Amino acid sequence: MATTIRMTDVKARLERIRSLPLQGKIRIMNVCGGHERSVTLSGMRSALPDSIEIIPGPGCPVCVCPEEDIYQAIQLALQDEVILVAFGDMLRVPVNVPKGEIRSLAEARAAGADVRPIASPAEARQIAAANPQRPVVFFAAGFETTTAPVAAMLVEGVPENLSVLLSGRLTWPAVAMLLDGEDAGFDCLIAPGHVATVMGPEEWAFVPDRHGIPSAIAGFNTESLLTATYSVLRQHLEGKAFLDNCYPSVVRDGGNPDARSQLTTAMRVDAANWRGIGEIPASGFMIHPDYAKHDARLRFPDYAADQRRRAGQMPPGCDCARVVLGKIYPNQCKLYGSACTPRTPIGPCMVSDEGACRIWLSSGVEYAA
Ligand code: SF4
């Protein structure tokens, strides 16, 4: 019965969108890997009128994690013999190294390093508590929703031997960078509901207020995404631009006060490098000086030389940088589905469950010559 209701809801929402008097192309960007997965797996793109383009934008934290951070994590595991724990999809992300050298955490593990996949910060704490004689480094890469639990873990207290190699990013500055550029590449925005749950919807108000871009916050399910799509299309047709919260059951003004307070206590925000994109102002979470004794960047040698920081951020031939910025679709990369597949990933967008290339190829989307 519940499924029938949901299908009816979806159909009704699609009909409302199809009834709009749309003219010309309208490009709607999402900035959430979960949104992109729902859009692609549900077949929403093909169900919408041809004039609507849904563009995957910077919504995959693993894809934008800078190469030097992954390299640093690999070297800590190999050279400092730490127990290196990281979320599972980070283990297979490759870095650019000469042939024969270890190019991922998974390869480091195969070579004998103690690299362990984890699913939550609580697991990192447990591993550290169970191995008090060994240093444990938690390589924590992610957006706000992933970084907030890391902050909570630090605030609540962690074993002395646990430190964090933090590669946390804020999503809105990447969208601000696109909008401040010459061609943002989209006409409307669907903002990430789960980020807004933590940080508050207010963070996204600059998109309509400063840039006149119709915007709506959506959850992961198809109904919510269609509601947000309808909202931004209506705004576009009526020449309006405001931020519509289409996920009100979860997203509240001000976000989650506890999570925000923990983020402010344990982290500070500064400019940060995004793989393939470069430095974006005020886009990175760093460990707050009060927690310096748990900052792996301060406790261990820095193996990522400047040369690596400037090195080609993506592997040769990989178009992840343009995919992440919504400049091309995943299946327009020449390596898509041939040299680069989920089993043989060349770029990070083919590794993570939130990577657009992996989502598209796993869903059967073919290479577009
Ligand atoms: S298909 Fe592979 S090589 Fe091409 S952009 Fe995607 S991840 Fe990079």
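Residues numbered from 1 in each chain as written. Predicted model: local features only at pLDDT ≥ 70, side-chain atom pairs only at ≥ 80, totals over all residues. Heavy atoms only, no water.

Draft legend 1. Structural context of the overall build of the protein. Secondary structure summary: the protein contains 17 helices and 11 strands in total. Here the C-alpha atoms of the protein give a radius of gyration of 21 Å, agreeing with the 21 Å that 2.2 N^0.38 yields for 369 residues. Expressed as lengths along the three principal axes of its C-alpha atoms, the size of the protein is roughly 65 × 45 × 45 Å. Of all 369 residues assigned to the protein, the portion counted as buried reaches 53%. Of the contacts formed within the protein by residues at least 6 apart in sequence, a portion of 76% connects residues at least 24 apart. (Helix = DSSP H or I, 4+ residues; strand = E, 2+ residues; numbered from the N terminus. Rg over C-alpha atoms; globule rule 2.2 N^0.38 Å. Buried < 20%, exposed > 50% of the residue type's maximum accessible area, 1.4 Å probe, protein only. Contact = heavy atoms within 4.5 Å.)

Draft legend 2. Fine view of unusual backbone geometry. The backbone phi angle of Glu 81 is positive, close to 55°, even though this residue is not glycine. Locating Glu 81 in the fold gives a position in the loop between α5 (67–79) and β3 (83–87). Even without being a glycine, Ala 282 presents a positive backbone phi close to 50°.

Draft legend 3. Up close: the nonpolar core. With 100 residues, the main nonpolar core has Leu 84, Met 90, Leu 105, Phe 138, Phe 139 and Leu 189 as its most contacted residues. Not counting the four nearest positions on each side in its chain, Leu 189 is found in contact with Met 29, Val 31, Val 175, Trp 204, Val 207, Ile 213, Pro 214, Ser 215, Ala 216 and Val 232. Counting residues in each nonpolar core, the second largest holds 23 residues, with Ile 52, Ile 54, Ala 216 and Cys 246 among its members. (Core = buried A, V, L, I, M, F, W, Y, C linked by side-chain atoms within 4.5 Å.)

Draft legend 4. Summary view of the site of the ligand. Surrounding the ligand, one finds Cys 318, Asp 319, Cys 320, Cys 333, Leu 335, Tyr 336, Cys 340, Gly 347, Cys 349, Met 350 and Cys 357. Across the shell around the ligand, the residue classes break down as 9 nonpolar, 1 polar and 1 charged. (Near = heavy atom within 4 Å. Nonpolar A, V, L, I, M, F, W, Y, C, P; charged D, E, K, R; others polar.)

Draft legend 5. Geometry of the sheet that holds strand β8 (residues 215–218). The strand order across the open sheet built from 5 strands is β2-β1-β7-β8-β9, with neighbouring strands paired in parallel fashion. The open sheet has two edge strands with one neighbour each: β2 (52–56) and β9 (243–245). Put simply, the sheet's adjacent strands are angled 25° from each other on average, direction ignored. With 4 bridges joining them, strand β7 (residues 188–192) and β8 adopt parallel strand pairing. Looking at β8, one finds that Pro 192 is bridged to Ala 218. With respect to the sheet, helix α2 (residues 33–42) is in contact with β1 (26–30), β2, β7 and β8, its orientation differing from that of β7 by roughly 115°. (Pairing = 2+ DSSP bridges. Axes fitted to C-alpha atoms, helices over the stretch in contact; angles between N-to-C directions.)

Draft legend 6. Quick peek at the state of the cysteines. Evaluated as defined, the whole model comprises 1 disulfide. A disulfide bridge connects Cys 60 with Cys 63, and the sulfur atoms are separated by 2.2 Å. Because the sign of the S-S torsion sets the handedness, a value of about 75° for the bond joining Cys 60 and Cys 63 places this disulfide among the right-handed ones. Across the pair, exposure class does not vary: Cys 60 and Cys 63 are buried alike. (Disulfide = S-S within 2.5 Å.)

Draft legend 7. Molecular detail of the sheet that holds strand β6 (residues 162–169). In space, the 6 strands of this open sheet follow the order β4-β3-β5-β6-β11-β10, with mixed pairing throughout. The sheet is open, and its two borders are formed by β4 (115–118) and β10 (267–274), each paired with just one other strand. For this sheet the average axis-to-axis angle between neighbouring strands, irrespective of direction, equals 25°. Where β3 lies against β4, 4 bridges are found, and the strand directions are parallel. For Ala 86, the partnering residue across the bridge sits in β4 and is Pro 117. Most of the contacts of helix α8 (residues 144–156) go to β6, to which it runs at about 155°, and overall it touches β3, β5 (136–142), β6, β10 and β11 (278–287).

Draft legend 8. Spotlight on the pattern of salt bridges. The full count for this structure, using the stated rule, is 13 salt bridges. Measuring nitrogen to oxygen at the nearest pair gives 3.4 Å for the salt bridge that ties Glu 156 to Arg 125. Here the residue Glu 156 occupies a position in helix α8, and Arg 125 occupies one in helix α7 (residues 121–130), the gap between them amounting to 31 residues. With relative accessibility at 57%, the residue Glu 156 sits in the exposed group. Judged by relative accessible area, which is 24%, Arg 125 ranks as partly exposed. Taken together, the shared-partner salt bridges in this structure form one network comprising Asp 114, Arg 116 and Arg 134. (Salt bridge = Lys/Arg side-chain N within 4 Å of Asp/Glu carboxyl O.)

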